[in-house]
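# Coordinate inspection notes
What follows is the residue order along each chain.
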Amino acid sequence: MRDYSKLLELAKENNGIIRTKMAVENKIPKDYLKFAVDDGVLEKVRNGIYITPDTMEDELYFLQLKSKNLIYSYETSAYYNGLTTRNPLVLSITTTRNNNISTIKSNYKLDFHFVSKEKLNFGLTTTKTMFGNVIQIYDRERTICDLFSKNYVGDRYVVNESLKTYLKMEDKNLTKLLKYAKELSVEKELKDKLEILLWIHQDN
């Protein structure tokens, strides 16, 4: 059998995941990836992405590896920011208007939202999936603003829970939230809800 020790060591350093680009950068011939699949050492997830047999498929991570300018948003980023307890069954993704999403395949149902290039990276941050891989999501303030936008027609429970949870957080930044709200044209909608919740909180 061929010596796959270098390939497996590289996979170990990357949570069991190998990309063709990674192999080439480490002077491992591309043919070795095909041989490794044939010999049962690796499994091909999709073009350019391979995993070891004992690696759990991390769909959120793989999607962002496969296509550029995909950022998890709305209910998905609300969940990963700890704003809602509802684990989303649909992955909400924000991308640019010129991005061709027709080739993007997933085991999940995908809900796409489109913005200009200038707004795509506004409020961008990162977090880790349950498998330890880094993914791009929007921060808490951007997420809340998106949930209050006219483009969102989803679960109102998530909207209310997210804002209530955010207001209870010790490290909340209302100045930042309102700045974002103005930039994203949801200032009035968000202020109206904030005033009600803050009034109720003070009354209690």
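Residues numbered from 1 in each chain as written. Predicted model: local features only at pLDDT ≥ 70, side-chain atom pairs only at ≥ 80, totals over all residues. Heavy atoms only, no water.

## What to know about the overall build of the protein
This is how the line gets drawn: Strands here mean DSSP runs of E at least two residues long; helices mean DSSP runs of H or I at least four residues long; both are numbered from the N terminus. For the exposure calls, accessible area comes from a 1.4 Å probe over protein chains only, and a residue counts as buried if that area is under 20% of its type's maximum, exposed if over 50%, partly exposed in between. Residue contacts are defined here by distance: any two heavy atoms, one from each residue, within 4.5 Å place the two residues in contact.
The helix and strand inventory of the protein stands at ten helices and eight strands. In terms of principal-axis extent, the alpha carbons of the protein reach across some 75 × 35 × 25 Å. For the protein, the residues scored as buried account for 44% of the 204 residues in total. A separation of at least 24 residues holds for 53% of the contacts in the protein among residues at least 6 apart in sequence.

## So, the pairing of strand S5 (residues 90–96)
Where we set the bar: Should DSSP find at least two bridges between two strands, the strands are regarded as paired.
Of all seven residues that make up S5, six are buried, and the element is covered over most of its length. Across two bridges, the pairing between strand S4 (residues 71–72) and S5 is antiparallel. Note that in S5 the partner of Tyr72 across the bridge is Ile93.

## Thoughts on helix H4 (residues 59–66)
Buried residues dominate H4, accounting for seven of its eight residues. Where H4 is concerned, the buried positions are Glu59, Leu60, Tyr61, Phe62, Leu63, Gln64 and Leu65.

## Here we look at the packing of helix H7 (residues 140–147) against helix H8 (residues 156–168)
Our working definition: Interaxial angles span 0 to 180 degrees and are taken between N-to-C directions of axes, which are lines fitted to C-alpha atoms, for helices over the stretch in contact. Crossings are assigned a handedness: left-handed for a near helix turned anticlockwise from the far helix by less than a right angle, right-handed for a clockwise turn.
At a minimum axis distance of 10 Å, the contact between H7 and H8 shows a crossing angle of 145°. For H7 against H8, the interelement crossing comes out left-handed. Two secondary-structure elements touch here, H7 through Arg140, Glu141, Ile144 and Leu147 and H8 through Arg156, Val158, Val159, Ser162, Leu163 and Tyr166.

## With respect to the sheet that holds strand S3 (residues 49–51)
On the basis of which strands lie adjacent, the open sheet formed by three strands has the order S1-S3-S2 and antiparallel pairing. Two strands bound the open sheet, and with one partner strand each, they are strand S1 (17–19) and strand S2 (43–46). Here the average twist between neighbouring strands, direction ignored, is 35°. Pairing between S2 and S3: three bridges, direction antiparallel. The residue of S3 that forms the bridge with Glu43 is Ile51.

## Re the pattern of salt bridges
Basically, it comes down to this: A pair is scored as a salt bridge if a Lys or Arg side-chain nitrogen falls within 4 Å of a carboxyl oxygen belonging to Asp or Glu.
Throughout the structure, instances matching the rule amount to nine salt bridges. Salt-bridge contacts for Lys34 lead to Asp38; the nearest nitrogen and oxygen are separated by 3.1 Å. Separated by four residues within a single helix, Lys34 and Asp38 lie in helix H3 (residues 30–38), roughly one turn from each other. A salt bridge links Arg86 to Asp155, with the shortest nitrogen-to-oxygen separation between them at 2.2 Å. Of the two residues, Arg86 is situated in the loop between helix H5 (74–80) and S5 and Asp155 in the loop between H7 and H8; the sequence distance between them amounts to 69 residues. Under the relative-accessibility criterion, Arg86 is labelled partly exposed at 38%. A relative accessible area of 30% means that Asp155 is categorised as partly exposed.

## Side note on the environment of Ala181
Looking at the secondary structure, you find Ala181 in helix H9 (residues 174–183). The class for Ala181 is buried, based on a relative accessible area of 0%. Linking Ala181 and Pro53, residues 128 residues apart in sequence, is a C-alpha distance of 45 Å. When neighbours within four sequence positions are excluded, Ala181 is seen to be in contact with Cys145, Val186, Glu187 and Leu190.

## Section: unusual backbone geometry
We note that Asn69 has phi near 60°; this positive angle belongs to a residue other than glycine. Following the sequence through the fold, Asn69 ends up in the loop between H4 and S4. Classification of Asn69 as partly exposed rests on a relative accessible area of 41%. One non-glycine residue, Ser185, adopts positive backbone phi at about 65°.

## Examining the confidence of the model for the protein
When pLDDT drops low, the exact placement of atoms in the prediction is not to be read closely. How we decide: Each residue gets a pLDDT score, which is the predictor's confidence in that residue and runs from 0 to 100.
Mean pLDDT over the protein stands at 90; residues scoring 70 or higher make up 96%. Highest mean pLDDT in the protein belongs to S4 (98); lowest belongs to helix H10 (residues 187–203) (73).

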